[in-house]
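Observations on the model geometry
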Amino acid sequence: MKTLQILIGGVWEDSRSDALLDVVNPATEEVVARTPAGSEDDVDRAVAAAVRAQPAWAALSVAERVARISAWADVIAEHADELAELECREMGKPVGLGRTFIEGAVAGLKASAAEAQAYGFEETVAQGDGGTTRILRRPLGATAVITPWNFPVPMVLGALGPLLAAGNTVVVKPSERSPLSTVRLFELLNLPPGAANLVLGDARAGAPLAEHEQIQLVHFTGSVDSGRKVGAATGRLLHRSVLELGGKDPVVVDADVDPKATAAAVAFGAFINTGQICTSMERIYVHQDIADAFVEALVEAAGTYALGDGHDEGVMMGPLVDEGQRETVRRHVADAVARGATIRAGGVEPDGKGYFYPATVLTGVDESMLVMTEETFGPLAPVVVVASFEEGLERAAGSRFGLGATVYTDDPGHMDASARIPAGVVWVNQWQGGGPERLYEPAGDSGMGATGASAAYDAATRPVSVHIAARPAS
Ligand code: NAD
């Protein structure tokens, strides 16, 4: 059985961790590899390598750094099939779906690194008193990227572009549940030694990394609980963190949309990646005028999400990542049913191996139920019928989370009103729309730190002002 290695200063080596964890294929429950559980010693050595490599990496011109990152992105693109297969093995995502997201993430890595060419790393502003001020945006130094398992490759690539292109070096720690594809990403790495380093493990590697006094910024993506710990650690050190955490995204369906087409779009938003997306649609508010037709079409759409091993042709939904995740889904369904909800589709697990759970539609739900208040991270579509668009909007806004929100409407006034939902991104008539220029910061418990486009460079750099006064008159 393969035991994974870590990459420090360009050299692959064994971890000094004293424990190993199983990496399990969730479709078959087979152990496919072993990963180190994590060690402070590994983290110290990786951070030291990142600190040592940083001045030389920052000394390269912006164009050179961008060209190096872009060359790595090209190599990754050539291996998209292989990386998608590894993701399927470690966390169950259908191979075709994984490949699509990896290709998007490679394009995103290139685009976000290329933004560096337009970013104002150095500006001179006149002071009006005969003096000038040079504003320099300096890299922070060594930084950390800690990622979850739901999109293993895209989560790593999504964070790296601006950090590296701004002249920082990085230590990456992927999820202990899905390290295979990230290890392969690093085998393909062609940046200077130490520019990007890899450690492995669970909180035994993540916590010492977040708490390391030489790590100037932690870009963390994961659960609210772990994010709070990371935020507390960086706060103590007066270091930065960008926290991209969990969600309970609402969708509001207005009376004037086509119920069938909208139900198909909502099924996609609720079930794709087996509902394991931070911005999955987890609360559905539908106007009473089209509720019956919408629910009927949603039930029909749920039946088309073929469940199975993501290696097999035609499979649209793989398993949940592990038994713990499946137990959360079961608990939310049981709680909803006990409080009066009805299962309209799904709800029955297939026999046999694998952590499978079918696409499930619930009606008769309300905000007294866990399924409407806690993140499920599974293939559930709980539907609430509302008397008006206003009521839908109000109830959509009533969550402690604030990652994303989606509204389907044909009414321009309602489109404008959608912006009232407190969220980092509000999508109108297209879930996940918007290009690389968008800026956002999660609201509420969903995290902190603005990101996207230039905000990612603002986070990855520290502004320094050098004020040059007019010479004193002689
Ligand atoms: P998790 O918090 O359990 O783990 C995330 C990462 O943090 C892993 O690498 C883990 O090893 C590490 N970690 C755990 N404890 C730590 C600690 N004390 N200090 C430092 N690192 C620690 O989350 P998960 O179960 O892997 O991922 C699912 C969660 O991620 C969901 O809540 C989901 O909504 C969220 N998520 C958010 C976004 C976003 O962009 N907002 C994207 C994807 C996933």
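If you're wondering where the values come from, they're calculated on a predicted model, not measured in any experiment.

Describing helix H8 (residues 224-237)
With 14 residues, H8 extends 20 Å between its outermost C-alpha atoms, agreeing within 8% with the 20 Å of an ideal straight helix rising 1.5 Å per residue. Among the residues of H8, those classed as buried are Val 224, Gly 227, Val 230, Ala 233 and Thr 234. Along its buried surface, H8 packs onto helix H7 (203-210), strand S10 (215-221), strand S11 (240-244) and strand S17 (401-402). Where H8 terminates, the next one or two residues include Leu 238, which has phi positive at roughly 60°.

Brief notes about the sheet that holds strand S18 (residues 404-408)
Strand order across the open sheet formed by 7 strands is S14-S15-S16-S13-S12-S18-S19, with mixed pairing between neighbours. Edge positions in the open sheet fall to strand S14 (342-345) and strand S19 (425-428), since each of these has one partner strand only. Ignoring which end each strand starts from, the neighbouring axes of this sheet average 25° apart. Inspection of the sheet shows strand S12 (residues 249-253) paired to S18 by 3 bridges, in the parallel sense.

Overview of the sheet that holds strand S5 (residues 122-126)
Hydrogen bonds between backbone atoms are what pair the strands of a sheet, whose relative direction is either parallel or antiparallel. Strand order in this open sheet of 3 strands is S5-S6-S22, and the pairing throughout is antiparallel. What marks the edges here is a single partner per strand, and that holds for S5 and strand S22 (461-468). Taking the axes of each pair of neighbouring strands and ignoring which way they run, one obtains an average angle of 20° across the sheet. Those strands touched by helix H15 (residues 453-460) are strand S6 (132-139) and S22, and its axis lies near 75° from that of S22.

Overview of the pairing of strand S3 (residues 20-25)
A regular strand places its side chains on the two faces of the sheet in alternate fashion. With 6 bridges joining them, S3 and strand S4 (residues 30-36) adopt antiparallel strand pairing. Following the sheet pairing, Val 24 is matched in S4 by Val 31. With antiparallel pairing between neighbouring strands as the criterion, S3 and S4 make up a hairpin whose turn holds 4 residues, including Glu 29 at a positive phi of roughly 65°.

Quick word on the side chain of Asp 335
Locating Asp 335 in the fold gives a position in helix H11 (residues 323-338). By relative accessible area, Asp 335 is classed as buried at 14%. Contact partners of Asp 335, with chain neighbours within four places excluded, come to Met 369 and Leu 370.

So, H11
The first and last C-alpha atoms of H11 sit 22 Å apart over 16 residues, in line with the 22 Å expected at 1.5 Å per residue. Within H11, the full set of buried residues consists of Gln 325, Arg 326, Thr 328, Val 329, His 332, Val 333, Asp 335 and Ala 336. Structurally, H11 contributes buried residues whose contacts are with S14, strand S15 (360-363), helix H12 (370-373) and strand S16 (380-386).

Quick word on the nonpolar core
By size, the foremost hydrophobic cluster in this structure holds 76 residues, and its most contacted members are Trp 72, Leu 157, Leu 160, Leu 185 and Leu 209. When residues in this core are grouped by element, the largest group, 8 residues, is from helix H5 (residues 152-165). Discounting chain neighbours no more than four positions away, the residues touching Leu 185 are Trp 72, Ile 76, Leu 83, Val 153, Val 156 and Leu 157.

Some words on the domain arrangement of the chain
Looking at the assigned domains, one finds that the chain contains domain 1 (6-245 + 446-465) and domain 2 (249-428). Between domain 1 and domain 2, the buried area comes to about 2,000 Å², and carbon and sulfur atoms account for 60% of it. Across the domain 1-domain 2 interface, the total number found is 1 salt bridge. For Asp 322, the salt bridge goes to Arg 177, with nearest N and O atoms at 2.7 Å. For the pair domain 1 and domain 2, the interface holds 10 residue pairs in polar contact (both at pLDDT 80 or more). Counting only elements with at least two residues in the side of domain 1 that touches domain 2, the list comes to helix H3 (80-91) and helix H4 (95-114). Among the elements that make up the side of domain 1 that touches domain 2, the one with the highest residue count is H3 (4 residues).

Describing empty space enclosed by the protein
In this approach a probe as big as a water molecule rolls over the atoms, and the regions it shows empty are the leftover space. In this structure the tally under the stated criterion is 1 cavity of 30 Å³ or more. Computed from the structure, the largest cavity encloses a volume of approximately 40 Å³. As for the largest cavity, its lining consists of Lys 248, Asp 249, Pro 250, Arg 283, Ala 396, Phe 401, Gly 402, Leu 403, Gly 404, Ile 421, Pro 422 and Ala 423. Those elements that provide at least two residues to the lining of the largest cavity are S12 and S17. Taken together, the residues that form the lining of the largest cavity break down as 7 nonpolar, 2 polar and 3 charged.

A look at the site of the ligand
Taken together, the neighbourhood of the ligand is formed by 29 residues, with Thr 147, Glu 176, Ser 223, Ser 226 and Glu 375 sitting nearest. The separation between an oxygen atom of the ligand and a polar side-chain atom of Lys 173 is 2.9 Å. Take Glu 375: an N or O atom from its side chain is 2.6 Å from an oxygen atom of the ligand. Its residues placed into classes, the shell around the ligand shows 13 nonpolar, 9 polar and 7 charged. Taken domain by domain, the shell around the ligand gets at least three of its residues from each of domain 1 (6-245 + 446-465) and domain 2 (249-428).

With respect to the layout of surface pockets
Approximately 190 Å³ is the volume attributed to the second largest pocket. Every residue along the wall of the second largest pocket is listed here: Pro 94, Val 95, Gly 96, Leu 97, Ile 272, Gly 310, His 311, Asp 312, Glu 313, Gly 314, Val 315 and Met 316. Both domains that meet at the lining of the second largest pocket, namely domain 1 (6-245 + 446-465) and domain 2 (249-428), each give it at least three residues.

Some remarks on the packing of aromatic side chains
Summed over the entire model, instances satisfying the criterion amount to 8 aromatic pairs. Taken together, a centroid distance of 6.2 Å and an interplanar angle of 85° make the contact between Phe 121 and Tyr 457 edge-to-face. Of this pair, Phe 121 sits in the loop between H4 and S5 while Tyr 457 sits in helix H15, and the two are 336 residues apart along the sequence. Taking the relative accessible area as the measure of exposure, Phe 121 reaches 15% and is therefore buried. What makes Tyr 457 buried here is its relative accessible area of 1%. Arranged with centres 6.0 Å apart and planes meeting at 80°, the rings of Phe 268 and Trp 431 form a pair that is edge-to-face. Note that Phe 268 is positioned in helix H9 (residues 259-271) and Trp 431 in the loop between S19 and strand S20 (443-444), a separation of 163 residues in sequence. Members of the aromatic cluster, joined through ring pairs, are Tyr 119, Phe 121 and Tyr 457. Lying across the ring of Phe 151, Lys 93 places its NZ or CZ 3.7 Å from the centre.

How each quantity is defined
- Residues numbered from 1 in each chain as written.
- Predicted model: local features only at pLDDT ≥ 70, side-chain atom pairs only at ≥ 80, totals over all residues.
- Heavy atoms only, no water.
- Helix = DSSP H or I, 4+ residues; strand = E, 2+ residues; numbered from the N terminus.
- Expected span 1.5 Å × (residues − 1).
- Buried < 20%, exposed > 50% of the residue type's maximum accessible area, 1.4 Å probe, protein only.
- Contact = heavy atoms within 4.5 Å.
- Pairing = 2+ DSSP bridges.
- Axes fitted to C-alpha atoms, helices over the stretch in contact; angles between N-to-C directions.
- Core = buried A, V, L, I, M, F, W, Y, C linked by side-chain atoms within 4.5 Å.
- Domains from an automatic or database assignment.
- Buried area = accessible area lost by both parts, 1.4 Å probe.
- Salt bridge = Lys/Arg side-chain N within 4 Å of Asp/Glu carboxyl O.
- Polar contact = N/O pair within 3.5 Å; in protein donor to acceptor, adjacent residues only side chain to side chain.
- 1 Å grid on protein atoms, 1.4 Å probe; cavity = no way out; pocket = protein on both sides within 12 Å on 5 of 7 lines; lining within 4 Å.
- Points joined across faces, edges and corners; volume = space filled by probe spheres on them.
- Nonpolar A, V, L, I, M, F, W, Y, C, P; charged D, E, K, R; others polar.
- Near = heavy atom within 4 Å.
- Phe/Tyr/Trp six-rings, centres within 6.5 Å; stacked < 30°, edge-to-face > 60°.
- Lys NZ or Arg CZ within 6 Å of the ring centre and 35° of its normal.

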